[in-house]
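Residues per chain, in single letters:
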Amino acid sequence: MAASASSTSLKPSAASTNGLWLSQRRPLSTTFGVTALSFRRHRDQPRRFVVLSMDAKPTILVAEKLGEAGVKLLKEFANVDCSYNLSPEELCTKISLCDALIVRSATKVSREVFESSAGRLKVVGRAGVGIDNVDLAAATEHGCLVVNAPTANTVAAAEHGIALITAMARNIAQADASVKAGKWLRSKYVGVSLVGKTLAVMGFGKVGSEVARRAKGLGMNVIAHDPYAPADRARAIGVELVSFDEAIGTADFISLHMPLTAATSKILNDETFAKMKKGVRIVNVARGGVIDEDALVKAIDAGIVAQAALDVFTEEPPAKDSKLVQNENVIATPHLGASTMEAQEGVAIEIAEAVVGALKGELASTAVNAPMVPAQVLTELKPYVALSEKLGRLAVQLVAGGSGVKTVKVTYASARAPDDLDTRLLRAMITKGLIEPISSVFVNLVNADFTAKQRGIRITEERVTLDGSPENPLELIQVQIANVESKFHSAMSDSGEIKVEGHVKDGVPHLTKVGSFEVDVSLEGSIILCRQVDQPGMIGKVGSILGEENVNVSFMTVGRIAPRKQAVMAIGVDEEPSKAALRRIGEISAVEELVYLKL
Ligand SMILES: NC(=O)C1=CN([C@@H]2O[C@H](COP(=O)(O)OP(=O)(O)OC[C@H]3O[C@@H](n4cnc5c(N)ncnc54)[C@H](O)[C@@H]3O)[C@@H](O)[C@H]2O)C=CC1
Ligand SMILES: O=C(O)C(=O)COP(=O)(O)O
């Protein structure tokens, strides 16, 4: 099997080095033998993850107005093209020249956008919370990371919700318009009080809980419905979590704060309006699509809904003659929930940092279509991330040409509780290691599972809990490929799988087992594995052939069953040995088989 992997994984056009398109450059270090011999030559350079040098800066397209502070941050790192109000066709044309795209809620980032990018687009940044305008499935299939700015506009949206509740209760918008029209209608605009009224917060997430907190300050009785919210978080601010029907059936005010998903689409409809208390008031600062707008018009006309205050609409902007918007019991704002000076500056900085971080190869903590890994967890996992990819690379290069990889088993052994380890990151890197050396597909944390599935590779994972101190997140990772032949027979385990195993020692990934042979090899550079009859002088013979061929040996290790029996020698090399060099090693009489593996 042709092993086409190199130590870098950047594709030429992708100036980005996202996520685990991160590449590792290691200072050289040398380790000789373990089972038989053991010494090591250290150099003092620190181990670092670095971004590969790029010929050109990445290009970021900002397709909607973004706060200045964010644009400034982006410009420090990339070429920034601020082009607003692009048509879908213009966006598709521009995107092929961009590594990242930043949008708010008005731009549809459709499948066509990802297809038109021809693989260059590596990050979509949503400068806000809702990602219903981004085709996440298409992003994932194209290995494009989607990040959002989930926190900076929470207060703004909650304040807007409260503003709409109070404005609606006191007819502020209608009264203002009438005064401006020269009228003075004091009895027409008598409102309702909020104190003592029941507010149902539908969706008790960031915005919903801030709305609840503020509404309690206004003397409202607040209940909430959210199937996924923890009851203790609600209780902590004096809010009871109730069922959907109880929430809508008892509320005087209903405020919507859930995302638009298949499950929440038109969640307020003819049937659910019919269950509401007559005279209920509806506020929507979430997404227009969670309300069936025709049903809302009917519910207002039927007197079920007394008033509605809407910031968001199914279609934005809504049609000029929209019956809903024109209804005198409806007040409307043009999707202003996040539009405060403070929120926009905050969102701009939050998204700029996320996009730049992702382009630099850092794992995004606000990733929407990839595991979010908190910074401190990532720091601890980093060497295991590298180990995972390298084990995947080694394992697949041991497969004999013609046998397709379909069944992979990964075993993680750890003294920590199983819940302490999120293996998605490690699985993604093993997948990357398994697929990239044998294809032109670019695999990252985003598209790893999708790519494996598409190629019919089934990866099963097993956790083994070890006794002992849980100082390290993992003691070892083992990768086995079943139902294949190996081009290096010694890599087959007794049960017939290709097996490689490794661990992290002093922060450095090591290979510790090949088939049934124990080795101890720091995983850097590339490796020659050779099975031989254990006898004196082998290391010298192999070393001198490589020396004559000008190949620098960084380590050697010999794993053997017993003295003078079969042994597997692992030789780390800095340069790729020529075919002639490998042939000369293979011709040493004690050598039974050998393979050269790129890491
Ligand atoms: N109008 C505007 O300008 C803004 C609108 N938003 C929108 O507000 C909504 C909430 O935003 P955040 O609070 O930041 O998000 P969040 O993710 O913190 O909260 C959403 C909550 O909805 C819950 N949820 C999901 N499905 C549900 C269901 N079927 N029924 C009830 N609850 C359900 C989730 O469990 C979660 O707790 C989003 O749709 C977002 O797009 C957010 C900011 C500004
Ligand atoms: O953050 C959200 O979900 C919002 O709806 C805000 O949208 P915007 O960025 O103001 O277009």
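Residues numbered from 1 in each chain as written. Chains lettered and ligands numbered in written order. Predicted model: local features only at pLDDT ≥ 70, side-chain atom pairs only at ≥ 80, totals over all residues. Heavy atoms only, no water.

Chemist: For this particular structure, what's the right way to read helix α17 (residues 538-548)?
Modeler: Structural remark: α-helix, 3.6 residues per turn; residues separated by three or four positions point the same way. If you check which residues of α17 are buried, you get Met 538, Val 542, Ile 545 and Leu 546. Projected down its long axis, α17 carries its buried residues within an arc of 95°, all on one side. Directly after α17, the chain includes Asn 550, whose backbone phi takes a positive value near 60°. (Buried < 20%, exposed > 50% of the residue type's maximum accessible area, 1.4 Å probe, protein only. Helix = DSSP H or I, 4+ residues; strand = E, 2+ residues; numbered from the N terminus. Arc of directions from axis to C-beta.)

Chemist: How should helix α11 (residues 293-301) be read in this particular structure?
Modeler: Buried residues of α11: Ala 295, Leu 296, Val 297, Ala 299 and Ile 300, and no others. As for α11, its buried residues are in contact with α10 (270-273), β15 (305-310), α12 (323-326) and β16 (330-332). Where α11 begins, the capping side chain belongs to Asp 292, and its oxygen is found 3.2 Å from the backbone nitrogen of Asp 294. (Contact = heavy atoms within 4.5 Å. Polar contact = N/O pair within 3.5 Å; in protein donor to acceptor, adjacent residues only side chain to side chain.)

Chemist: Sorry if this is basic, but what is going on with the sheet that holds strand β10 (residues 198-202) here?
Modeler: Across a sheet, strands are paired by hydrogen bonds formed along the backbone, either parallel or antiparallel in direction. Here 7 strands make up an open sheet; going across it, the order is β12-β11-β10-β13-β14-β15-β16 and the pairing parallel. Edge positions in the open sheet fall to β12 (240-241) and β16, since each of these has one partner strand only. Sheet topology note: the β10/strand β11 (residues 221-225) ladder contains 5 bridges and is parallel. For Thr 198, the partnering residue across the bridge sits in β11 and is Asn 221. (Pairing = 2+ DSSP bridges.)

Chemist: Help me understand the site of ligand 1 in this model?
Modeler: What surrounds ligand 1 is a group of 25 residues, the closest being Lys 206, Val 207, Asp 226, Val 285 and Asp 311. With respect to ligand 1, the backbone of Gly 205 contributes an N or O atom lying 3.4 Å from an oxygen atom. Within the backbone of Met 258, one N or O atom sits 3.0 Å away from an oxygen atom of ligand 1. Protein coverage of the free-state accessible area of ligand 1, which is 850 Å², stands at 87%. Here the residues of the shell around ligand 1 are counted per class, giving 12 nonpolar, 9 polar and 4 charged. (Near = heavy atom within 4 Å. Areas by Shrake-Rupley, 256 points an atom, 1.4 Å probe, with all protein chains shown as cover. Nonpolar A, V, L, I, M, F, W, Y, C, P; charged D, E, K, R; others polar.)

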